[in-house]
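Structure assessment
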Amino acid sequence: ANGYFTYDPGFMATGSCESTITYIDGAKGILLHRGYSIEELARDSDYIEVVYMLLHDKTPNTEEYRDFKDTITRHTLVHDQINNFFRGFRRDAHPMAMLCGSVGAMSSFYHDDLNIHDPEQRLRSAYRLVAKMPTLVAMCYKYNIGQPFVYPKNELSYAENFLNMMFSVPAEDYKISPAVAKAVDRIFILHADHEQNASTSTVRLAGSSGANPYACIAAGVASLWGPAHGGANEACLNMLEEIGTVDRIPEFIARAKDKDDPFRLMGFGHRVYKNFDPRATVMRESCHEVLAELNIDDPLLNVAMELERIALSDPYFAEKKLFPNVDFYSGIILKAIGIPTNMFTCIFALARTVGWVSHWHEMLSQPGQKIGRPRQLYTGEAQRPYSKIDK
Ligand code: SDX
C-alpha cells in the first residue's frame, strides 16, 4: 500500500495486517522502527525515547522526552497486593510462569484503563505496562532467590532502576556501573519490537477479540516463552553449558547438520533474516564491550566466541543462512552481568512489551478492525455416518 508491500484487505481478518511501526528487509538485514534504523537508535537513543517513538510515531522533543520519562517513572510501583499475589507461587517456579501470571492478574488491580475503545485509556495501560514490567521481572527474580522485593527509585533511569531492583539488598545498595546500565538499555532497545513475530501476532489476535490489555500482554509473554522464539537466549546458554568446553564444539556442529537429529544451534538462524540480523551485529559489539569492561574471562563465554567463529566460517551455515541472531549475544551479555539464565526470557518480555502494546494500540486505532480469524486447509475425513456404541 505504501510502496513497501501490498495486501489483500480480505486477509485482514485472518491475522495478517497493515502496520506503520516496524519494517524488516530480511534479505538486506534492514530493521527500521518508524523509519529510524536500529543501528542509529541503538547507538544514539535510549529505551525511553524509543518507547515514546514507537507509541507516538515520532521522536520526542526535549520537553516531551522529560515529561514522558517522568510519566513512566511514576508508574513503576505496582499495587502492593501484587506482593501477596506472588506469595502464591512456589519459590522454584520458572520466572516466566510468575511473569505470565502476574501480568495477566494486573487487570484485577487496575480498573481505570480497561476500555479498549478509548485511546487515552489504551495509552494509559500501555504506559503502565512499560513502567511496571521491570518491577514485576525483578520481583520474579527476588521471589525465586528468596530475597525481599526492592521498590523502584524515581531518581534512577529505566535500566538503572531495573538493575537496582534486581541486585540491591537491604544490607547494601547495588553499585550501578554506567557501562552495564548502558548495555542493558541497549538490550532493551534491540528487543523492543520486531514486526509480526509470533508473540506480537499473539497479542494482536488476542486484542482483536476485545480482551483487556493485560490479558493480551500475558498472552504475548506466554508465546515468547517458547525456545524457538524468546526462550532462545535461555536455551542458548543451556546449550553452551551442555557443550561445556571448546573441544566439544565440533560434536554439536555435526549434530546441527544431521538431518535426523532434532538438535538445533540455539541462538542461530531466523525466520526472516536470511543474511544477518542487524540487531545481532550491534549486540555483538556490545557483547565484546561488556566482556572487556567487566574483564570477564568465563569459560562458557569462550565457548560462545569459538562457536561463533566456527559457525561463521563453516560453508554449511552460510548455505543454510544460519547466522548468530540477537538471542545468541544477548544471553552472553546477561550472563556476564550476573543475571541467571532462567531470567533471560523475562528480560526479553520486558523489552518487547513496548512492541506488543504499540501494535495492540495501532490495531485498535484502525477503523473497521475485525476479530482475527486465521483460516485452514482441511485435510481430514470427508463426512461419514456416526455409529452409536453400547456405553
Ligand atoms: C527470535 O520472528 C521474529 O522476529 C523472532 C525474533 C523477534 O525479535 O521477535 O527475531 C526473536 O525468535 C529469534 C530466533 C530465536 N530462536 C532461536 O535461536 C532458536 C534456534 N533457531 C531456530 O529454531 C530456527 O532458526 C528458527 C525457528 C529461528 C527459524 O526456523 P526455520 O524458519 O525453520 O528456519 P529456516 O526455514 O530458515 O531453516 C533453514 C534450514 C532448515 O534446514 P532444511 O529443512 O532446509 O534442511 O536451516 C535449518 C532448518 O532445519 N535450521 C537450523 C537452525 N535453524 C534452522 N539448523 C541448525 N540450527 C539452527 N538453529
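Quick notes on the rules
- Residues numbered from 1 in each chain as written.
- Predicted model: local features only at pLDDT ≥ 70, side-chain atom pairs only at ≥ 80, totals over all residues.
- Heavy atoms only, no water.
- UniProt positions renumbered as here; feature names shortened; annotations may be inferred.
- Near = heavy atom within 4 Å.
- Polar contact = N/O pair within 3.5 Å; in protein donor to acceptor, adjacent residues only side chain to side chain.
- Areas by Shrake-Rupley, 256 points an atom, 1.4 Å probe, with all protein chains shown as cover.
- Nonpolar A, V, L, I, M, F, W, Y, C, P; charged D, E, K, R; others polar.
- Helix = DSSP H or I, 4+ residues; strand = E, 2+ residues; numbered from the N terminus.
- Expected span 1.5 Å × (residues − 1).
- Buried < 20%, exposed > 50% of the residue type's maximum accessible area, 1.4 Å probe, protein only.
- Contact = heavy atoms within 4.5 Å.

If you look the chain up in an unreviewed UniProt entry, it shows as Citrate synthase from Paraglaciecola psychrophila 170. We quote the UniProt Pathway (unreviewed entry) comment for the chain here in full: "Carbohydrate metabolism; tricarboxylic acid cycle; isocitrate from oxaloacetate: step 1/2." Under the heading Sequence similarities (unreviewed entry), UniProt records this for the chain: "Belongs to the citrate synthase family."

**Description of the site of the ligand**
Taken together, 24 residues are adjacent to the ligand, and His 194, Lys 259, His 270, Arg 271 and Lys 274 come closest. The side chain of Lys 259 places a nitrogen or oxygen atom 2.4 Å from an oxygen atom of the ligand. Contact between the ligand and Phe 268: a nitrogen atom at 2.8 Å from a main-chain N or O atom of the residue. Here the ligand, which alone exposes 1,000 Å², has 80% of that area covered by the protein. Considered class by class, the residues forming the shell around the ligand number nine nonpolar, seven polar and eight charged.

**Comments concerning helix α8 (residues 178-190)**
Here α8 spans 18 Å end to end across 13 residues, near enough to the 18 Å set by a 1.5 Å rise per residue. Burial of α8 is extensive: ten of the 13 residues sit out of reach of the surface. Among the residues of α8, those classed as buried are Val 180, Ala 181, Ala 183, Val 184, Asp 185, Arg 186, Ile 187, Phe 188, Ile 189 and Leu 190. Those residues of α8 that are buried lie in contact with α1 (38-44), α2 (47-56), α7 (158-167), α13 (278-293), α16 (326-337) and α17 (344-365).

**Considerations on the UniProt feature "active site" (unreviewed entry) in the chain**
Cross-referencing UniProt, the feature "active site" (unreviewed entry) maps to His 270 and Asp 327 in the present numbering. Despite a sequence span of 58 residues, these residues sit close together in the fold, their greatest C-alpha distance being 10.4 Å. Within the secondary structure, His 270 is located in the loop between α12 (249-257) and α13. Judged by its relative accessible area of 23%, His 270 is partly exposed. With respect to the helices and strands, Asp 327 occurs in helix α16. Using a relative accessible area of 7% as the deciding quantity, one classes Asp 327 as buried. Leave out the neighbours within four places in its chain, and Asp 327 touches His 191, His 229, Ala 232, Asn 233 and Phe 348.

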